[in-house]
Amino acid sequence: MTRLFKSGESLTYPTQEEYLDSISVDCVIFSFHEGEIKVLLNKLLKSENWMLPGGFVRVDENVDDAACRVLNIRTGLDDVFLKQFHLFGECNRLDFSDNKKFIEDLNMDADVAKWYLRRFVTMGYYALVEYTKVNLNVYHDVEELDWFSLNKLPNLYSDHRHIIDGAISSIRIQLGYVPVGFQLLPEKFTMPELRMVYEAIIGKELDRRNFQRKMLSVGLITKLEEKRKTGAHKAPYLYSFNKDRYAEAERSGMYLMSWSSSFF
């Protein structure tokens, strides 16, 4: 777990000398695989509840850097889209029965256990990663780490379902500004694959022709002279993102497209 730390073959725990007290970060790491939006989760082997990859903030570390560190530890990736979206600070956000079970499962001594029984506020981040580029890092002797469909999430720790819901809501609001397909798809993709990404995020079917026309009109994707080989079916053309146009739009905060009823 990124809330625990490996030192050689043993687990070490946070201290007030090294980490900020009562502050954490939680990362909702999204990918796109087999037509679905996936979320990365981890849990202790003895636990029934899965949780978001998260961790604590070092006293000499920027909060954003702490989130980047968590993301890198879990996925092996550095240069990915990572956005802070909300501070979760409700008084009752944590179920301390979960924390007590967590303490028992790891046989923590009383002094260490006090850290995990404090009230924590957490900064929520979401990341968009390309599935095939991820190299999962799991501590096999104490935990599991796996991808789950956004529509079929397992039992979750404390308010982590609330954090995931907040992340996907933020992405839906920002769809007109951020071309999420650029982050979730490989360098070359088909128009149906791009449409499936947006449909998975929105949770609705999009009109095929209107979607393609709109995507081409904003100038963010380029049609290639290559086709995807798909056996007996007609081979679809491949596309790539116009990275220069994307960078310009990101710098200026340009509104790229409106999601009107004509899309559905």
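All values derive from a computational prediction rather than experimental measurement.

1. Describing the overall build of the protein chain
Piece 1. In terms of regular secondary structure, the protein chain is built from eight helices and eleven strands.
Piece 2. Counting over 264 residues, the protein chain shows a buried share of 48%.
Piece 3. Accessible surface, the protein chain: about 13,600 Å² in total, of which carbon and sulfur atoms supply 47%.

2. Observations concerning the sheet that holds strand 9 (residues 189-190)
Piece 1. The sheet built from three strands is open, its strands ordered 9-11-10 with antiparallel pairing. The open sheet has two edge strands, strand 9 and strand 10 (221-227), and neither has a second partner.
Piece 2. Alignment of strand 9 against strand 11 (residues 237-241), held across two bridges, turns out to be antiparallel. Residue pairing across strands places Thr190 opposite Leu238, the latter belonging to strand 11.

3. Focus on empty space enclosed by the protein
Piece 1. Counted under the stated rule, the structure contains two cavities of 30 Å³ or more.
Piece 2. Volume-wise, the largest cavity comes out at about 170 Å³.
Piece 3. In terms of lining residues, the largest cavity is bounded by 14 residues, among which Arg3, Phe56, Leu94, Asn99 and Tyr157 are the most central.
Piece 4. Looking at the lining of the largest cavity, the elements that each hand over two or more residues are strand 3 (19-33) and helix 2 (96-105).
Piece 5. Considered class by class, the residues forming the lining of the largest cavity number seven nonpolar, four polar and three charged.
Piece 6. If you go around the second largest cavity, the residues you meet are Phe30, Ile37, Leu128, Ile168, Ile171, Leu184 and Ile201.
Piece 7. Here the lining of the second largest cavity is composed, by residue class, of seven nonpolar, no polar and no charged.

4. Topic: helix 6 (residues 191-202)
For an α-helix, 3.6 residues make a turn, and residues three or four places apart therefore share a direction.
Piece 1. Relative to the 16 Å expected for twelve residues at 1.5 Å per residue, helix 6 spans 17 Å between its end C-alpha atoms, a close match to the ideal helical length.
Piece 2. Of the residues making up helix 6, those classed as buried are Met191, Leu194, Arg195, Val197, Tyr198, Glu199, Ile201 and Ile202.
Piece 3. Backbone geometry just after helix 6 places Gly203 at a positive phi near 80°.

5. Brief notes about the nonpolar core
A general trend in soluble globular proteins is that nonpolar side chains are found buried together.
Piece 1. One finds Val28, Phe30 and Leu194 to be the most contacted residues of the largest nonpolar core, which totals 42 residues.
Piece 2. At six residues, the largest contribution of residues to this core is made by helix 6.
Piece 3. Shared between two domains, this core holds at least three residues of each, these being domain 1 (19-174) and domain 2 (185-255).
Piece 4. Apart from residues lying up to four places away in sequence, Leu194 is in contact with Gly181, Leu185, Phe189, Phe211, Met215, Ile221 and Phe241.

6. Things to note about the layout of surface pockets
Piece 1. The calculated volume of the largest pocket comes to roughly 480 Å³.
Piece 2. Contributing to the lining of the largest pocket are 17 residues, with Lys133, Phe182, Gln183, Leu185 and Lys243 lying nearest its centre.
Piece 3. Elements supplying a minimum of two residues to the lining of the largest pocket: helix 5 (180-184) and strand 11.
Piece 4. Mapping the lining of the largest pocket onto the domain boundaries places at least three of its residues in each of domain 1 (19-174) and domain 2 (185-255).
Piece 5. Reported here for the second largest pocket is a volume of approximately 280 Å³.

7. Side note on the pairing of strand 3
Piece 1. In the sheet, strand 3 pairs with strand 5 (residues 54-58) via four bridges, with the strands oriented antiparallel. Bridge pairing in strand 5 links Tyr19 to Arg58.
Piece 2. By the bridge criterion, eight bridges tie strand 3 to strand 7 (residues 121-128) in an arrangement that is parallel. In the sheet register, Ile29 faces strand 7, and the bridge partner there is Ala127.
Piece 3. Bridge analysis of strand 3 against strand 4 (residues 36-44) gives four bridges, and the strand direction is antiparallel.

8. Here's the deal with the pattern of salt bridges
Piece 1. Tallied over the full model, the rule gives ten salt bridges.
Piece 2. Residue Lys114 pairs with Asp111 through a salt bridge whose shortest N-O separation is 4.0 Å. Remark: Asp111 and Lys114 occur in helix 3 (residues 110-116); sequence separation between them is three residues, near one turn of the helix. Of the two residues examined, Lys114 and Asp111, each falls in the exposed class.
Piece 3. A salt bridge links Glu226 to Lys188; its shortest N-O distance comes to 2.8 Å. Residue Glu226 is located in strand 10, and its partner Lys188 is located in the loop between helix 5 and strand 9; the two are separated by 38 residues in the primary sequence.
Piece 4. Take Glu226: its relative accessible area is 33%, and that puts it in the partly exposed class.
Piece 5. Residue Lys188 is classed as partly exposed on the basis of its relative accessible area, which comes to 36%.

Cut-offs applied
- Residues numbered from 1 in each chain as written.
- Predicted model: local features only at pLDDT ≥ 70, side-chain atom pairs only at ≥ 80, totals over all residues.
- Heavy atoms only, no water.
- Helix = DSSP H or I, 4+ residues; strand = E, 2+ residues; numbered from the N terminus.
- Buried < 20%, exposed > 50% of the residue type's maximum accessible area, 1.4 Å probe, protein only.
- Areas by Shrake-Rupley, 256 points an atom, 1.4 Å probe, with all protein chains shown as cover.
- Pairing = 2+ DSSP bridges.
- 1 Å grid on protein atoms, 1.4 Å probe; cavity = no way out; pocket = protein on both sides within 12 Å on 5 of 7 lines; lining within 4 Å.
- Points joined across faces, edges and corners; volume = space filled by probe spheres on them.
- Nonpolar A, V, L, I, M, F, W, Y, C, P; charged D, E, K, R; others polar.
- Expected span 1.5 Å × (residues − 1).
- Core = buried A, V, L, I, M, F, W, Y, C linked by side-chain atoms within 4.5 Å.
- Domains from an automatic or database assignment.
- Contact = heavy atoms within 4.5 Å.
- Salt bridge = Lys/Arg side-chain N within 4 Å of Asp/Glu carboxyl O.

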